[in-house]
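If you want the building blocks of each chain, they are given just below.
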Amino acid sequence: MSEIIANDKEYVAGTYARFPVEIVKGKGSEVFDADGKRYIDMGSGIGVTAFGISDDIWARAVTEQLSAVQHMSNLYYTSPCAQLAKLLCEKTGLKKVFFSNSGAEANECAIKVARKYAAEHKSCQHYVIVTLKNSFHGRTLTTLAATGQEHYHELFQPLTPGFVHVESGNISELEEAVKNYKVAGMLIECVQGEGGVLPLDGEYIKAAYNICKKEDIVFMVDEVQTGNGRSGMLYAYMNYGITPDVVTTAKGLGGGLPIGACIMGEKVQNVLGFGDHGSTYGGNPVCCAGAVSVINRIDDDFLAQVRRKSQYVFSTFKGTTGVESVSGIGLMVGILPSKASASEVVKKCIERGVLCLTAKNKVRLLPALNISDELLCEAVGIIKGVISELS
Ligand SMILES: *Cc1c(COP(=O)(O)O)cnc(C)c1O
């Protein structure tokens, strides 16, 4: 254990502040460290393991594909890729999918789609992408440029040009931006995840959508974190009665394997043509087989269960000792402690056997969507106890 930590510290790039815990195995929402200590997993690998650790149905789908064919180049057809694209289109009403390997890459694809659409329908000068302040869209140089948080930008200049950040909730600022810049697209998260689990105002989402529609601006929703059942709907935009031109997703989609998807609606369905984009691993059959099994299980009954668990979590934390506020949607929950720092709470929770996350000054919970009522109740009780002790 200490040797592993030492090796990791010496040889792995120091981009992550790791806790001194080595996870060796798990099942569902329980994981175990090298000393055999058990934890309830309330972070699910940052919203990735949608059905928990080593879920039987998911593992079967993946291993069956693994022993049939693990990879093929995109020069040939494979069934899981076509199946997954069909499922995603049928369930969203959108038309075509480009598969990548991560959320950032799904957003890169969306940005290329918006720019090419604008270049063909307006002019090559119409390349500006409007995003929101406090947003998070990824770590590549272009998705960093899209990310509306200065502290990620500072030492990586120059970033990809052509991004403008506006204040969420401020319609007139958006109208000004649309007037002052030659705008190709707008990209938003319905609930800002890394930004502090902050839902946008529903009226703002609808107004922004309508402005984009009127101005023929490609309206894109980043569902990398909010997607695939996390919000209590299959995709969070479905809570607001809109149909975006582009939806990007990743994290929970693969259930634990790397996959991203850029799902394109009618207006932009044929923007990407032969040679416009590509990815060696994109549409990998093992990742797609896992994703097919994830998406197939997120039906109306399952989503109703997600919403029921969500209500339980929100109502339990609201107004309890030491809790300033609770924000989020579905099983994407941000708890603002009134006195303690979020990282103090997370540290104490690890000692007590619960893994949770932070987002800015909040304790962030992203449990597996199928977490049992018993484990959810146990974890929530421990977190509540820690927050009240630290207040
Ligand atoms: C995590 C996240 C990303 C980046 O996804 P990666 O798979 O890490 O590239 C992009 N957008 C949102 C909203 C995210 O939460």
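One can find the structure itself at the top, above this paragraph.
Basis of the calculations
- Residues numbered from 1 in each chain as written.
- Predicted model: local features only at pLDDT ≥ 70, side-chain atom pairs only at ≥ 80, totals over all residues.
- Heavy atoms only, no water.
- Pairing = 2+ DSSP bridges.
- Helix = DSSP H or I, 4+ residues; strand = E, 2+ residues; numbered from the N terminus.
- Axes fitted to C-alpha atoms, helices over the stretch in contact; angles between N-to-C directions.
- Contact = heavy atoms within 4.5 Å.
- 1 Å grid on protein atoms, 1.4 Å probe; cavity = no way out; pocket = protein on both sides within 12 Å on 5 of 7 lines; lining within 4 Å.
- Points joined across faces, edges and corners; volume = space filled by probe spheres on them.
- Nonpolar A, V, L, I, M, F, W, Y, C, P; charged D, E, K, R; others polar.
- Parallel < 35°, antiparallel > 145°, perpendicular 65-115°, else oblique.
- Left-handed = near helix turned anticlockwise from the far one by under 90°.
- Near = heavy atom within 4 Å.
- Polar contact = N/O pair within 3.5 Å; in protein donor to acceptor, adjacent residues only side chain to side chain.
- Areas by Shrake-Rupley, 256 points an atom, 1.4 Å probe, with all protein chains shown as cover.
- Right-handed = clockwise from strand over helix to strand, strands pointing away.
- Salt bridge = Lys/Arg side-chain N within 4 Å of Asp/Glu carboxyl O.
- Buried < 20%, exposed > 50% of the residue type's maximum accessible area, 1.4 Å probe, protein only.

Caption draft 1: Seen up close, the sheet that holds strand S5 (residues 128–132). In spatial order, the strands read S4-S12-S11-S10-S7-S5-S6; together these 7 strands make up an open sheet with mixed pairing. At either margin of the open sheet sits one strand with a lone partner, and together these are strand S4 (96–100) and strand S6 (163–166). The mean angle between the axes of side-by-side strands here comes to 20°, regardless of whether they run parallel or antiparallel.

Caption draft 2: Summary view of the sheet that holds strand S13 (residues 323–329). Pairing within the open sheet is antiparallel, and its 4 strands lie in the order S13-S14-S17-S16. A single partner strand is all that each edge strand has here, and the edge strands are S13 and strand S16 (357–359). Recorded for the sheet is a direction-independent mean angle of 30° between the axes of neighbouring strands. Those strands touched by helix H10 (residues 300–317) are S13, strand S14 (332–337) and strand S17 (362–365), and its axis lies near 165° from that of S13. Contacts between helix H11 (residues 342–351) and the sheet are confined to S14, S16 and S17, with S16 contributing the most and set at about 175° to the helix.

Caption draft 3: Region of interest: empty space enclosed by the protein. One pass over the structure, following the stated rule, counts 2 cavities of 30 Å³ or more. Size it by volume and the largest cavity reaches roughly 40 Å³. The wall of the largest cavity is formed by Gly 47, Ala 50, Val 224, Gln 225, Gly 227, Asn 228, Arg 230, Lys 251, Gly 252 and Leu 369. Taken together, the residues of the lining of the largest cavity break down into 3 nonpolar, 5 polar and 2 charged.

Caption draft 4: Inspection of the packing of helix H3 (residues 56–68) against helix H9 (residues 285–297) at higher detail. One can describe the packing of H3 onto H9 by two numbers: an axis separation of 8 Å at closest approach and a directional angle of 150°. It follows that H3 is roughly antiparallel to H9 by the angle criterion. When you trace H3 past H9, the crossing you get is right-handed. Mapping the contact onto sequence places Ile 57, Trp 58, Ala 61, Val 62, Gln 65 and Leu 66 in H3 and Pro 285, Val 286, Ala 289, Gly 290, Ser 293, Val 294 and Arg 297 in H9. Considered class by class, the residues forming the contact of H3 with H9 number 9 nonpolar, 3 polar and 1 charged.

Caption draft 5: Looking closely at the site of the ligand. Around the ligand, the surrounding shell consists of Ser 102, Gly 103, Ala 104, Asn 107, Phe 136, His 137, Gly 138, Glu 189, Asp 222, Val 224, Gln 225 and Lys 251. Contacts to the ligand include Gly 103, whose backbone N or O atom sits 2.8 Å from an oxygen atom. For the ligand, a nitrogen atom lies 3.4 Å from a polar atom in the backbone of Phe 136. Computed on the free molecule, the ligand has an accessible area of 380 Å², of which 81% lies beneath the protein chains in the complex. Here the shell around the ligand gets 3 residues from one element, more than from any other, and that element is helix H5 (residues 103–121). Its residues assigned to classes, the shell around the ligand shows 3 nonpolar, 6 polar and 3 charged.

Caption draft 6: Local environment of the pairing of S6. In this sheet, S6 lies alongside S5 in parallel orientation, the contact comprising 4 bridges. Bridging across to S6, Thr 131 finds its partner in His 165. Each parallel crossover has a hand, and the one from S5 via helix H6 (residues 141–146) to S6 is right-handed.

Caption draft 7: Region of interest: the pattern of salt bridges. Taken as a whole, this structure holds 18 salt bridges when the rule is applied. Taking the shortest distance from any N to any O, the salt bridge between Arg 297 and Asp 55 comes out at 2.7 Å. Of the two residues, Arg 297 is situated in helix H9 and Asp 55 in the loop between helix H2 (44–47) and H3; the sequence distance between them amounts to 242 residues. A salt bridge links Lys 133 to Glu 173, with the nearest nitrogen and oxygen atoms 3.8 Å apart. Pair noted here: Lys 133 is in the loop between S5 and H6 and Glu 173 is in helix H7 (residues 171–180), with a separation of 40 residues, a long-range link. The exposure class of Glu 173 is partly exposed, given its relative accessible area of 24%. Salt bridges sharing common partners tie together Glu 30, Arg 38 and Glu 378.

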